[in-house]
Amino acid sequence: MTSMCKQSIPEELEFWDALSNEGDIYSDDLSSRDYIRKSQSNNLNFAISSYVPSIKIRSYDALRCLLYTEHFDGVGSDWIFRGHRDHNWKLESTLERIGSKSLDLRDVHLNQFRKECRRIFKDKTYLSDMTDNDFWAIGQHYDLATPLLDWTQSPYVALFFAFEHQQHEDNYRVIYALNKTKLINLFSNNEVQEQLFFEPSKDPFGRLVNQSGLFTIAPYCTTLEDMLIDNLRRVNITKANEIASYICKIYIKSSPSIRKNCLLDLRQMNIHRGTLCPDLSGAALYCNHMIKEQYGIDC
């Protein structure tokens with residue numbers, strides 16, 4: 001299993017500041033999307049951190065401006081995002097985290113779950129045309145250990161999952177970003193592309209729609225970021241800023257007050273457990289969060 005030991009953020013990973021010659025990009029008179037694109041904030045400087053080109057911002061407020069830069073908002077970009085509450089976490093699936101890197105073990109695990117689905121689902125026709133990955137996707141919803149990683153087309157949904165839970169050491173949260181279009185085009189004649197992205201044909205619980213979601217499939221015996229960067233280097237894409245146009249990592253400064261304000265702002269955007277997980281489980285988690293926030297009760 002890939003090491004999960006604590007790693008420090010390299011000192012050379014300086015804060016990115018969304019400033020232009022005219023002043024602070026956050027001011028009301030500089031909120032134009034076109035102006036942001038033309039500002040000096042487009043000059044992003046990525047540094048390698050934990051093998052992935054990374055950039056650091058002072059708080060979640062800067063994320064909006066970062067997303068308006070040409071790097072993330074340019075022609076031909078189709079980014080997907082994944083939020084982590086711990087900046088040390090790698091792009092490992094739950095199946096990898098429990099130590100199952102064997103293809104045989106994956107098959108045994110999936111076949112067992114497939115049998116359980118056939119026992120539980122009354123409408124057997126629903127399961128008849130489902131692929132292996134469709135079964136994995138259903139299992140992901142119910143906390144089955146799977147080789148899938150959840151991603152979203154919305155950076156703000158990823159921001160929610162990065163900040164949702166409290167951390168003992170609240171230092172940095174992280175959003176991983178993959179440029180789906182560029183990766184598919186680069187690996188169009190490569191088995192990497194076929195194994196990379198997966199969008200289920202069925203969404204029985206509504207989560208994929210509400211979260212603008214899709215999955216990546218974990219490679220065997222390595223992490224997703226290691227596999228992607230190794231393949232990029234094989235085609236002579238080796239510099240940090242070059243790799244960052246395919247995969248990158250955004251460190252977001254965090255604290256209890258920053259987390260609280262972030263979740264409040266996201267709720268005003270109607271992004272919370274109740275909307276992202278439109279089922280009883282999501283409703284229960286949302287109610288627990290609300291009563292804790294309003295009355296200081298820890299559910």
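Residues numbered from 1 in each chain as written. Predicted model: local features only at pLDDT ≥ 70, side-chain atom pairs only at ≥ 80, totals over all residues. Heavy atoms only, no water.

Caption draft 1: Structural view of the overall build of the protein. Looking only at helices and strands, the protein has 16 helices and 10 strands in total. Sorting the 299 residues of the protein into buried and exposed places 49% on the buried side. Across the protein, the fraction of contacts at a sequence separation of at least 24, relative to all contacts at a separation of at least 6, is 74%. For the protein, the exposed surface amounts to about 15,300 Å²; the carbon and sulfur share of it is 49%. (Helix = DSSP H or I, 4+ residues; strand = E, 2+ residues; numbered from the N terminus. Buried < 20%, exposed > 50% of the residue type's maximum accessible area, 1.4 Å probe, protein only. Contact = heavy atoms within 4.5 Å. Areas by Shrake-Rupley, 256 points an atom, 1.4 Å probe, with all protein chains shown as cover.)

Caption draft 2: The pairing of strand β7 (residues 172–179), seen in detail. Where burial is concerned, most of β7 is hidden: eight out of the eight residues are buried. Across six bridges, strand β5 (residues 79–84) lies against β7 in antiparallel orientation. Among the inter-strand pairings, Gly83 is bridged to a residue of β7, identified as Ile175. (Pairing = 2+ DSSP bridges.)

Caption draft 3: Looking closely at the side chain of Arg273. Considering the arrangement of structural elements, one finds Arg273 in helix α15 (residues 273–276). At a separation of 2.7 Å, a polar atom in the side chain of Arg273 contacts the side chain of Glu164. (Polar contact = N/O pair within 3.5 Å; in protein donor to acceptor, adjacent residues only side chain to side chain.)

Caption draft 4: Just the environment of Leu103, in detail. Locating Leu103 in the fold gives a position in helix α5 (residues 103–120). For Leu103, a relative accessible area of 43% puts it in the partly exposed group. In sequence terms Leu103 and Tyr220 are 117 residues apart; their C-alpha atoms lie 7.6 Å from each other.

Caption draft 5: Main features of the packing of helix α8 (residues 155–163) against helix α14 (residues 256–268). One can describe the packing of α8 onto α14 by two numbers: an axis separation of 10 Å at closest approach and a directional angle of 140°. Every pair of crossing elements has a handedness; the one defined by α8 and α14 is left-handed. For the pair α8 and α14, the contacting residues are Tyr156, Leu159, Phe160 and Phe163 in the first and Ile258, Arg259, Cys262, Leu263 and Leu266 in the second. Residue composition of the contact of α8 with α14, grouped by class: eight nonpolar, no polar and one charged. (Axes fitted to C-alpha atoms, helices over the stretch in contact; angles between N-to-C directions. Left-handed = near helix turned anticlockwise from the far one by under 90°. Nonpolar A, V, L, I, M, F, W, Y, C, P; charged D, E, K, R; others polar.)

Caption draft 6: Here's a closer look at the packing of aromatic side chains. Under the defined criterion, the tally for this structure stands at five aromatic pairs. Ring geometry for Tyr60 against Phe163: centres 6.5 Å apart, planes inclined by 70°, an arrangement best described as edge-to-face. On the criterion of sequence distance, the pair formed by Tyr60 in the loop between β4 (52–57) and α2 (61–67) and Phe163 in helix α8 is long-range, its members being 103 residues apart. For Phe163, a relative accessible area of 0% gives the class buried. Taking 5.0 Å as the distance between ring centres and 55° as the angle between the ring planes, the aromatic pair formed by Phe72 and Trp79 counts as tilted. Each member of the pair, Phe72 as well as Trp79, is classed as buried. Its guanidinium or amino end placed over the ring of Phe135, Arg114 lies 4.7 Å from that ring's centre, counting from NZ or CZ. (Phe/Tyr/Trp six-rings, centres within 6.5 Å; stacked < 30°, edge-to-face > 60°. Lys NZ or Arg CZ within 6 Å of the ring centre and 35° of its normal.)

Caption draft 7: Structural context of the packing of α14 against helix α16 (residues 280–295). One way to put it is that α14 packs onto α16 with a least axis distance of 13 Å and a crossing angle of 125°. Here α16 runs oblique to α14, going by the angle between their axes. Between α14 and α16 the crossing geometry is left-handed. Only Tyr286, His289, Met290 and Glu293 of α16 make contact with α14, whose side of the interface consists of Leu263, Leu264 and Arg267. Taken together, the residues of the contact of α14 with α16 sort by class into four nonpolar, one polar and two charged. (Parallel < 35°, antiparallel > 145°, perpendicular 65-115°, else oblique.)

Caption draft 8: Region of interest: the side chain of Ser93. Looking at the secondary structure, you find Ser93 in the loop between β5 and α4 (94–97). A distance of 3.2 Å separates a polar atom in the side chain of Ser93 from the backbone oxygen of Thr146. Excluding residues within four positions of it along the chain, Ser93 makes contact with Thr146, Pro147, Leu148, Leu149 and Ala218.

Caption draft 9: Examining the pattern of salt bridges more closely. In total, this model carries four salt bridges according to the counting rule given. With a closest N to O distance of 2.6 Å, Glu116 and Arg119 form a salt bridge. One end of the pair, Glu116, and the other, Arg119, are both in helix α5, three residues apart, so they sit about a helical turn from each other. Arg119 gets classed as exposed once you look at its relative accessible area, which sits at 58%. (Salt bridge = Lys/Arg side-chain N within 4 Å of Asp/Glu carboxyl O.)

So far we have only geometry, and geometry alone does not tell us how the molecule works.
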